[in-house]
Amino acid sequence: MRGELDQDKARASAFPLPFQDDLLETDNLAELSLESEFARIVEQVFVSKSVDAETACLALEQACKNQAEKIQGEARENMHRLGISRDMETQANELKLESQTWRLLWHLSSDVESLVQRQSVTSASPGKTSREIAASLIQEEKGLLQLAKIIYWLESMSQDALNWSEEQGDYSEVGRFAKNEGLLQETKHAIERGVDKDIVTELDPDAVSRQDLPLAADNMEDEERLMKGVWKLVRCGCTHHATDLCCHVGEYWRASSLLGSGRYGGLPVGNVAQEATEYYRTEEAFEEEYASEVENGRLFHINIWKWTCFVLSKKLSESGRYTMEAAVYAVMCGFIEHILPACESWEDVLWAYSKAWLDVQIHCQLSGLSTEARMLDVQDKFNVGGAKAAASPTGWPVSEVMEKLPGSIEEMFANVSSFWSGRERQSAPGHFRKLQEKMVLGKFEDVLLFALSLVFDQDLLKGEEPGCGPILIRFAAHLGLWLLEILSNTECKVQSTADVANEFGVFQDSVNRLVQIYIVHLIENRKNSLIPVYALHLRRGLLDETYCIFLDTLSKASFEERQEAVHLGTSYLPRDDFSRIIRKVTVASRMNRTLDHAAYVAAKIRSSEWICMLDDTHSEVAEHACLVSRELALLDTIGTSDSLAYFLHEVLPEDVIERGAEEAITEILEWKAWLDFSISFSEWRRCGEEEYSAEQDDLMLLHMKERAEVSLAKGLQLVKTAWMQFTSFENVQEVPSSEVQLLVSVGKQLDDESAEILDPVSFVYLPDETREVEEYARIELEKWKADSPTSMDFSIRACPSEQSSLFELNLSFFTASEGVSTSSSLEKIVSVATSFLKGELMPFGYFPIVRVFDSTSHEIAREVCRRVCIPRLCLKCLQLRSFLCTFDNTVQAGSEIVQLAARGGEKGISYLFSTNEARQMLALEQQACCAILRHDNLML
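Report follows, based on the coordinates. (Residues numbered from 1 in each chain as written. Predicted model: local features only at pLDDT ≥ 70, side-chain atom pairs only at ≥ 80, totals over all residues. Heavy atoms only, no water.)

Scanning the protein from terminus to terminus reveals 40 helices and five strands. Within the protein, the proportion of its 940 residues that are buried is 55%. Considering only contacts in the protein between residues 6 or more positions apart, those separated by 24 or more positions represent 72%. For the protein, the exposed area adds up to about 42200 Å²; of that, 49% sits on carbon and sulfur atoms. (Helix = DSSP H or I, 4+ residues; strand = E, 2+ residues; numbered from the N terminus. Buried < 20%, exposed > 50% of the residue type's maximum accessible area, 1.4 Å probe, protein only. Contact = heavy atoms within 4.5 Å. Areas by Shrake-Rupley, 256 points an atom, 1.4 Å probe, with all protein chains shown as cover.)

This is the structure in structure tokens:
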């Protein structure tokens, strides 16, 4: 019977698979990576809540064990590659240490009733035995309970290591022993033949200590091997199996010597305690034990037995040949001094201290509770081995045993730590043992701070990147989550002083930081499907920051990968949180100042796909579509038309037109019309750049003529239908403030004669001259401000040196002062922004290349775009007209543009053109007229 531990293990191993099959690396649970396995358990505990955190500790432990076994198997296969094999063994050992820590957390949070022996019989029984009273003391006193949990943890791990098979009575893990091999046949034959004078001459159990002589060599080896096996079983808490082993080899006397406090020992814990409960539940076993205590006094026989074990342990230890046997009997009486020589590990030493200390404390309290106990004066009545033993005049325990024990759990751990080597303290075993120590002491804030110090390589203030391996990063993050969940439970059984309720306290802050570090680790290793499971545990600020990093890394991923990320995000994160994050990612991408020009345009479009993937944000998507359309239209470089076309036709959901805000939808349709013209104009230009043979020149000109006619018709349609029509600011309601934000690159015209208006082919970015342009623009803006209402203000600054090709302009309009209307103030800010975008506030030959254009006023944004785009539209139409006039002197299409541009008043658009644009328009019209004249001359 394995008790509660086995039941929880069975429940833990039965977890269903939480994720969609198509989102997992494999459908086979056994083949899952450790990260996926942990995420599977996290989903069950924190999302579906189908398993409690305490039980899940065992699932985490088993996952670590399975991975460790897998790595060890690979290490054996790579034994010929020493370096690789050694690294694999190190990883496997770290995973084993992690599994031990998860087991410890399960023990600390486990139910008390599953820890110690329960009452054996019904309430009709006359009373309780000392064993049941001891169990009650452990349940009632926190200090004793902590010791019992430590012992259970250490013994359960040893039991697993031995792989004991109770059904088969298999002792193979502790050694193979033949039936009755402990009957000392070799010593008997040697005595009969008289061939060896240096061995005992009698065969009783006390002959070795009485005569101070050894057994025959073969029997000495057998005895040493037997005692190692007995020690291993006692170390596991399985005293009953140790006695069975002694009986198996024929040493019934030794089995009896170990049964002084019962078949299962005086203080069985865990699954052994449950076996003891079943054993003593029979009326016969209980009555025998209870009658003995009533007749002789509750502790009479136990006092005699413990004192005997104490004396025997000292006698065996003094001989120097029986270390294991001395340790076994020292465990029975709690004599720590003689247990330690048999200990081979930190766990052995901790178990020895815990076991001895708990045994002595319980015995002392039982002595105080016993009103009929006969305190035995051992010194007067017993003489073991011909020598009197020093004992307390009032009975057991003697002072020599008491003096070796610690006074507190803290002191116990200090004693245990002295067994570490200096190298071990700085390695993974030392780190995990330090964490385990703090967990036992209930210092969970210190646990997380220590984990943080390890993750940040012992430097909490300066550490920017994790300074440890992925195993510790993963473990620390999950440990924080589990501690927060367990300690937040109102029925928590773990002793702790941590303030887990304070969201911004040390405890929760440490948990958030550890989880964030682990998420970054998952991002770097492209474990995208696991990230939302952990992100939901972060508080708002860290959630937004971390998830934005994650989505930003997917900016170059395929549309399907990003769509999958959105699906997972909406499945695990609250809808409002995920929508907020998507907005932040989209805005951050628009404001990105580190990308070059071409990459920035691509990033702008790709980031827009995020917000378009949400199915309940049609109003926001429509507004964002207007924002992107404005920026790309103001940018107006080669390739932006294709980018905008992809965005409006491929990325933008079709139902946005039906479900978005009316104002935004109207603008989107206007931008689609503008895009239609821009694409046709780009096709006309590309047609002239295509390579044709001499024989195909006429074909090329024909294609260009056809495209020019189509494009010109579309452009004239926009101009005549008052595209982006705006009446005036008179109808705009008063607003407390408005602002325009511009982020631009500086470009310079290379060839005044060949350059066309804002043609990027004839511009070059000049980061070294940004400061000069900035100062010039500042002076010009000051002039505008001096001639403007006092309600306008501005700020302009160059970006940091690594982005020195950029500078930023902010124009602000505040509440109008007395005598200044809102409409005139808005008109002024539009005029300033338009002049800046057209290069009128920069030195001659310099032009701004727009990257970000934002405004708090929809009216301002539309009017700025109209005043910049309409002149460009007219100039492109005149380019087309000039080209067509070379074919036909009767071409009249486009001639009305000059008339419209020259006309003032409400029906004219002359106020939209800057001086430079008007000059360009006249130059293009002059080219068209010259082409008509040349054509007429040719006809003549």
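Between two aromatic rings, the relevant description is the distance of the centres plus the angle of the planes. In the structure shown here, the tally under the stated rule is 15 aromatic pairs. Here the aromatic rings of F38 and W102 are separated by 6.5 Å at their centres, their planes lie at 65°, and the arrangement is edge-to-face. Remark: W102 occurs in helix 4 (residues 82-109) and F38 occurs in helix 2 (residues 34-47); sequence separation between them is 64 residues. Note on Y547 and F578: the rings are 5.9 Å apart at their centroids and 80° apart in plane angle, and the pair reads as edge-to-face. You can see Y547 sitting in helix 27 (residues 540-553) and its partner F578 sitting in helix 29 (residues 575-590), a full 31 residues away along the chain. (Phe/Tyr/Trp six-rings, centres within 6.5 Å; stacked < 30°, edge-to-face > 60°.)

Let us now look at helix 14 (residues 300-319). In this model helix 14 runs 30 Å from its N-terminal to its C-terminal C-alpha over 20 residues, within 8% of the 28 Å that 1.5 Å per residue would give. Taken as a whole, helix 14 has its buried residues at F300, I302, N303, I304, W305, K306, W307, C309, F310, V311, S313 and L316. The first or second residue beyond helix 14 is G320, which carries a positive phi of 80°. (Expected span 1.5 Å × (residues − 1).)

Now for the packing of helix 31 (residues 618-635) against helix 38 (residues 858-884). The contact between helix 31 and helix 38 brings their axes to 10 Å, and the two run at 30°. Compared by their axis directions, helix 31 and helix 38 come out roughly parallel. For the crossing formed where helix 31 meets helix 38, the hand is left-handed. For the pair helix 31 and helix 38, contact is made by R630, A633, L634 and L635 and by H858, A861, C865, V868, C869 and R872, respectively. In the contact of helix 31 with helix 38, the residues fall into seven nonpolar, one polar and two charged. (Axes fitted to C-alpha atoms, helices over the stretch in contact; angles between N-to-C directions. Parallel < 35°, antiparallel > 145°, perpendicular 65-115°, else oblique. Left-handed = near helix turned anticlockwise from the far one by under 90°. Nonpolar A, V, L, I, M, F, W, Y, C, P; charged D, E, K, R; others polar.)

Counting 269 residues, the largest nonpolar core has V230, M412, W482, Y534, Y547, L551 and F647 as the members making the most contacts within it. By residue number, the principal contributor to this core is helix 38, which donates 15 residues. The contact partners of Y534, leaving out residues within four places of it in the chain, are E35, F38, A39, V42, H478, L481, V515, Y518, I519 and L522. (Core = buried A, V, L, I, M, F, W, Y, C linked by side-chain atoms within 4.5 Å.)

Moving on, we get to the pattern of salt bridges. Under the counting rule described, the total for this entry stands at 37 salt bridges. The closest approach of N and O atoms between K355 and E155, which form a salt bridge, is 3.7 Å. Taken together, the positions of K355 in helix 17 (residues 346-369) and E155 in helix 6 (residues 142-162) put the pair 200 residues apart, joining distant regions of the chain. When its relative accessible area of 21% is taken as the criterion, K355 is described as partly exposed. (Salt bridge = Lys/Arg side-chain N within 4 Å of Asp/Glu carboxyl O.)

What follows is about the packing of helix 6 against helix 9 (residues 217-235). For the pair helix 6 and helix 9, interaxial distance at closest approach is 8 Å and the crossing angle is 130°. With respect to each other, helix 6 and helix 9 are oriented oblique. Judged by residue contacts, L154, E155, S158 and L162 of helix 6 engage K232, L233 and R235 from helix 9. Classifying every residue of the contact of helix 6 with helix 9 gives three nonpolar, one polar and three charged.

Even without being glycine, K49 reaches a positive phi, approximately 55°. Positionally, K49 belongs in the loop between helix 2 and helix 3 (53-77). Under the relative-accessibility criterion, K49 is labelled exposed at 57%.

Moving on, we come to a negative patch on the surface. On the surface, a cluster of negative charge is contributed by E186, D218, E221 and E224. Sort the elements by how many residues they give to the negative patch and helix 9 lands first, with three residues. Take D218: it is sitting in helix 9. (Patch = residues over 30% accessible without salt bridge, like charges linked within 9 Å, V, L, I, M, F, W, Y side chains within 5 Å. Lys, Arg positive; Asp, Glu negative; His and termini not counted. Charge placed at Lys NZ, Arg CZ, Asp CG, Glu CD.)

With respect to the secondary-structure elements, L875 resides in helix 38. Separated by 45 residues in sequence, L875 and Q920 place their C-alpha atoms 7.5 Å apart.

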